[in-house]
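Descriptive analysis of the structure
Below, each chain spelled out in residue letters.
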Amino acid sequence: LAEGPLTGRRILVTSGPTHEPIDPVRYIANRSSGAQGTALARALTSMGADVVFVTGPADADRPVGAHVVEVETAAEMLEAVQVVLPVDAAIFAAAVADWRVATASDSKIKKQAGALPSLDFAENPDILATVSQMTEGRPPLVVGFAAETDDVIANATAKRLRKGCDWIVANDVRPETGIMGGSENTVTLISDEGAEHWPRMGKSEVAHHLAERIAKQLG
Ligand code: C5P
């Protein structure tokens, strides 16, 4: 492990999408490359943190030096997160699917001419809200992300209060921004002190700035 301002700190990062099975060959998911979460894990590790990286099936390379836990579904992600606690800080960068298929089929659903399947959904646990609202053993710093396409600041500010996390890293993911799947990001850091706009920069730069803020906050 590298030595740095986060030496001795244990930090959880969730990243990537979750896949919610429909049947053994099909799933529903959110779009997520895992790039920002991976960059964050790298930045925290380089500053000395002991990082546990809980990731869904993402394309991005796994961060070297972090302890990597691979999961597939939101339910598995929540379970893995609960095993990792307690931590000094928890960063939820995963794009968790809001819904799962209520009863996934054990065998492949066959295509039938003229007949369309219908799916029943069930709500997934909100991992960020669950951890933010823990009455015992809540991490001292809980950070969520908010990928929005409209009213970014208003929605992200409301989300921070609704979920109960300390900070929200908000970003505008309208397709024309090129942020989704791209190498740059424009974020606003929302805390109880208000909204702080950061200039557009590379995802690894965003990660380093955020890691520095986390180190400052943990003292
Ligand atoms: O509500 P929304 O999905 O926009 O919230 C995004 C934030 O909440 C992200 O930090 C994401 O990792 C987290 N989240 C979660 N579990 C869910 C849904 C979102 O941890 N089921």
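Residues numbered from 1 in each chain as written. Predicted model: local features only at pLDDT ≥ 70, side-chain atom pairs only at ≥ 80, totals over all residues. Heavy atoms only, no water.

**Re the layout of surface pockets**
Test applied: Using protein atoms alone on a 1 Å grid, points that fit a 1.4 Å probe yet trap it form a cavity, whereas open point sets bounded by protein on both sides within 12 Å along at least five of seven lines form a pocket; residues with an atom within 4 Å of a point count as lining. Grid points are joined across faces, edges and corners, and a volume is the space filled by probe spheres set on the points. What counts as a helix is a DSSP run of H or I of at least four residues, what counts as a strand is a run of E of at least two, and both are numbered from the N terminus.
Volume-wise, the largest pocket comes out at about 1000 Å³. Contributing to the lining of the largest pocket are 39 residues, with Asn-30, Ala-94, Ala-95, Val-96 and Ala-147 lying nearest its centre. Those elements that place two or more of their residues in the lining of the largest pocket are β1 (10-15), α1 (35-46), α3 (127-132), β9 (141-148) and α4 (152-163). In this structure, the second largest pocket spans a volume of roughly 290 Å³. If you trace the second largest pocket, you find 14 residues lining it, with Trp-167, Ser-191, Asp-192, Glu-193 and Gln-217 closest to the centre. Sorting the residues of the lining of the second largest pocket by element identifies β12 (187-191), β13 (194-197) and α5 (203-218) as the ones contributing at least two each.

**Some points on the pattern of salt bridges**
Pairs can form between side chains of opposite charge whenever their charged atoms are close. We apply this condition: Put simply, a salt bridge is a Lys or Arg side-chain nitrogen that is within 4 Å of an Asp or Glu carboxyl oxygen. Type-normalised accessible area, obtained with a 1.4 Å probe on protein chains alone, sets the label of each residue: buried when under 20%, exposed when over 50%, and partly exposed for intermediate values.
Tallying each qualifying case throughout the model produces ten salt bridges. Measuring nitrogen to oxygen at the nearest pair gives 2.9 Å for the salt bridge that ties Lys-159 to Glu-148. Taken together, the residues Lys-159 in helix α4 and Glu-148 in strand β9 connect sequence positions eleven residues apart. Comparing Lys-159 with Glu-148, the two get one shared label, buried. For the salt bridge of Arg-174 with Asp-172, the shortest nitrogen-to-oxygen distance reads 2.6 Å. Residue class for Arg-174 comes out partly exposed when judged on its relative accessible area of 32%. Owing to a relative accessible area of 17%, Asp-172 belongs among the buried residues under this scheme. Taken together, the shared-partner salt bridges in this structure form one network comprising Asp-172, Arg-174 and Glu-176.

**Remarks on the UniProt feature "binding site: CTP" (unreviewed entry) in the chain**
Definition in use: UniProt positions are given in the numbering used here, feature names are shortened, and annotations may be inferred rather than shown by experiment.
Taking the UniProt record as the reference, the feature "binding site: CTP" (unreviewed entry) is found at Asp-98, Lys-108, Pro-125, Asp-126, Ile-127, Leu-128, Phe-145, Lys-159 and Lys-163. Separation in sequence by 66 residues is matched in space for these annotated residues, since their most distant C-alpha atoms are 37.4 Å apart. Narrowing the list just given to those that line the largest pocket leaves Asp-98, Pro-125, Asp-126, Ile-127, Leu-128, Phe-145, Lys-159 and Lys-163. Mapping Asp-126 onto the fold places it in the loop between β8 (121-123) and α3.

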